[in-house]
Amino acid sequence: CVWTNELFGDVDDSENGGSMEFLVDEEAEVVVINDVSIISLLPETDFYYGSRQVGGGMGPGNPHGELSEMLYYIDKQVIVENAVKFEVRPDLEIFW
């Protein structure tokens, strides 16, 4: 899922520019593998990894910023060409 439709990175190219930041919601409902159909897999060249601090690295839950979660960046062009479907979850955004 993503927390916003806003693009990250080089967004100057209005047609192809920028990417979206995806993450795995570890608290989401578990999906049974028999209920899932894999239509296609993206090659590793179509996405890249990053991370963000859990809780923004502040507060009682992660005061020193040691905990992080993986982010998956997928270019806008790849999302459009492959008709990638995703859920927007604004509640997962971290405010600094």
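Residues numbered from 1 in each chain as written. Predicted model: local features only at pLDDT ≥ 70, side-chain atom pairs only at ≥ 80, totals over all residues. Heavy atoms only, no water.

Trainee: Is there a simple way to explain the overall build of the chain in this structure?
Mentor: A count of helices and strands for the chain gives 1 helix and 3 strands. Start at the N end of the chain and walk to the C end: the helices and strands fall as β-β-β-α. Taking all 96 residues of the chain together, the buried fraction comes to 24%. Contacts in the chain between residues far apart in sequence, at least 24 positions, make up 61% of those at least 6 positions apart. (Helix = DSSP H or I, 4+ residues; strand = E, 2+ residues; numbered from the N terminus. Buried < 20%, exposed > 50% of the residue type's maximum accessible area, 1.4 Å probe, protein only. Contact = heavy atoms within 4.5 Å.)

Trainee: In this structure, what is going on with unusual backbone geometry? I would like to understand it.
Mentor: It is generally the case that most residues other than glycine have a negative phi and that most peptide bonds are trans. A positive phi angle, near 50°, is found at alanine 83, a position not held by glycine. On the secondary structure map, alanine 83 appears in the segment after α1 (76–81). By relative accessible area, which is 57% here, alanine 83 ends up exposed.

Trainee: What is the right way to read the layout of surface pockets from this model?
Mentor: Space left empty within the atom packing is revealed by a probe, the size of a water molecule, rolled over the atoms. Of the volumes computed, that of the largest pocket is approximately 930 Å³. Taken together, 23 residues line the largest pocket, and the ones lying closest to its centre are Phe22, Ser40, Val84, Lys85 and Phe86. Per-class residue counts for the lining of the largest pocket are 16 nonpolar, 3 polar and 4 charged. (1 Å grid on protein atoms, 1.4 Å probe; cavity = no way out; pocket = protein on both sides within 12 Å on 5 of 7 lines; lining within 4 Å. Points joined across faces, edges and corners; volume = space filled by probe spheres on them. Nonpolar A, V, L, I, M, F, W, Y, C, P; charged D, E, K, R; others polar.)

Trainee: What is the right way to look at the nonpolar core in this model?
Mentor: Counting residues in hydrophobic clusters, the biggest one holds 6 residues: Val2, Met20, Phe22, Ile74, Val78 and Ile79. Secondary-structure elements contributing two or more residues to this core are β1 (19–22) and α1. Apart from the residues lying within four places of it in its own chain, the contact partners of methionine 20 are Val2, Thr4, Asn5, Leu7, Tyr72, Tyr73, Ile74, Ile79 and Phe86. Trp3, Leu23, Tyr73 and Leu92 belong to the second-largest nonpolar core, a separate cluster that totals 5 residues. (Core = buried A, V, L, I, M, F, W, Y, C linked by side-chain atoms within 4.5 Å.)

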